[in-house]
Amino acid sequence: MDDAGTEELGHLEMIGAIVHQLTRNLKDSQIENSNFAPYFVDHTAGVYPTAASGFPWSAASIAVKGDPIADLTEDLAAEQKARVTYDNILRLSDDPDVNNVIKFLREREIVHFQRFGEAIQLLREKLNQKNVYYMNPAIDI
C-alpha cells in the first residue's frame, strides 16, 4: 500500500497549502487578536504540521508493530481519525474553497478505510488457511 502512503503525504501538502493561503496575508492586528498569535510567534505563517492542540507531528506518531493485523487495524483507526477531523473542519468552515478540498480529502479517507478493511479480511483468510490464527487462541471467547 505504498501508493496510499504517498497519497497521504499529498493530503498533508494540500492541507498545508490551504493553511498557507489562509494565513499569508494576515495583518498584525488580525494575528494579535487571535488564537493564531502563539503559532505565529514560533513559525510566522510557515506551515508547521501540528494537531489543533498545537502538538507537533512526528514520525513517532506512526504506530508500527510488525504484525500485519495490528498494523492494518492502526491504519483503519488513522483513516477514521482523519475523517472525523475533516468532519469537524466542515462544521467550522464557511469557506467554499476550503470546504471543497476538505470534502475531497474526506472521501479519500473513507475509501482508504474500506481498502484497509478489505486487506484485513484477506489477511485473516490467508492466516486461517495456514492454520495461523489472527486472534489469540488462548483467549476464551
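Everything below is about the structure printed above this text.
Source: prediction; values computed, not measured. (Residues numbered from 1 in each chain as written. Predicted model: local features only at pLDDT ≥ 70, side-chain atom pairs only at ≥ 80, totals over all residues. Heavy atoms only, no water.)

Caption draft 1: Structural context of the overall build of the protein chain. Assigned secondary structure in the protein chain consists of five helices and zero strands. Taken against the 2.2 N^0.38 rule, which gives 14 Å for 141 residues, the C-alpha radius of gyration of the protein chain at 19 Å runs more than 25% over that of a compact globule. Dimensions along the principal axes, computed over C-alpha positions, put the protein chain at roughly 65 × 30 × 30 Å. For the protein chain, the residues scored as buried account for 21% of the 141 residues in total. Here the contacts in the protein chain between residues at least 6 apart in sequence split such that 59% fall between residues at least 24 apart. Put simply, the protein chain shows about 10,400 Å² of open surface, and 57% of that area lies on carbon and sulfur atoms. Charged side chains of the protein chain number 13 positive and 22 negative; the gap between the two group centres comes to 4 Å. (Helix = DSSP H or I, 4+ residues; strand = E, 2+ residues; numbered from the N terminus. Rg over C-alpha atoms; globule rule 2.2 N^0.38 Å. Buried < 20%, exposed > 50% of the residue type's maximum accessible area, 1.4 Å probe, protein only. Contact = heavy atoms within 4.5 Å. Areas by Shrake-Rupley, 256 points an atom, 1.4 Å probe, with all protein chains shown as cover. Lys, Arg positive; Asp, Glu negative; His and termini not counted. Charge placed at Lys NZ, Arg CZ, Asp CG, Glu CD.)

Caption draft 2: Structural view of the pattern of salt bridges. Following the criterion strictly, the structure yields four salt bridges and no others. Measuring nitrogen to oxygen at the nearest pair gives 2.5 Å for the salt bridge that ties D87 to R83. Of this pair, D87 and R83 are both found in helix α4 (residues 68-92), four residues apart, which corresponds to roughly one turn of the helix. As far as the burial class goes, D87 and R83 line up, both buried. In this structure, the salt-bridge partner of E118 is R115, at a minimum N-O distance of 2.8 Å. Note that E118 and R115 are positioned in helix α5 (residues 96-129) at a spacing of three residues, about one turn of the helix. (Salt bridge = Lys/Arg side-chain N within 4 Å of Asp/Glu carboxyl O.)

Caption draft 3: Summary view of the packing of aromatic side chains. According to the stated counting rule, one finds two aromatic pairs in the structure shown. Ring centres of F36 and F40 lie 6.3 Å apart, and the angle between their planes is 50°; this geometry places the pair in the tilted category. Classification of F40 as partly exposed rests on a relative accessible area of 27%. (Phe/Tyr/Trp six-rings, centres within 6.5 Å; stacked < 30°, edge-to-face > 60°.)

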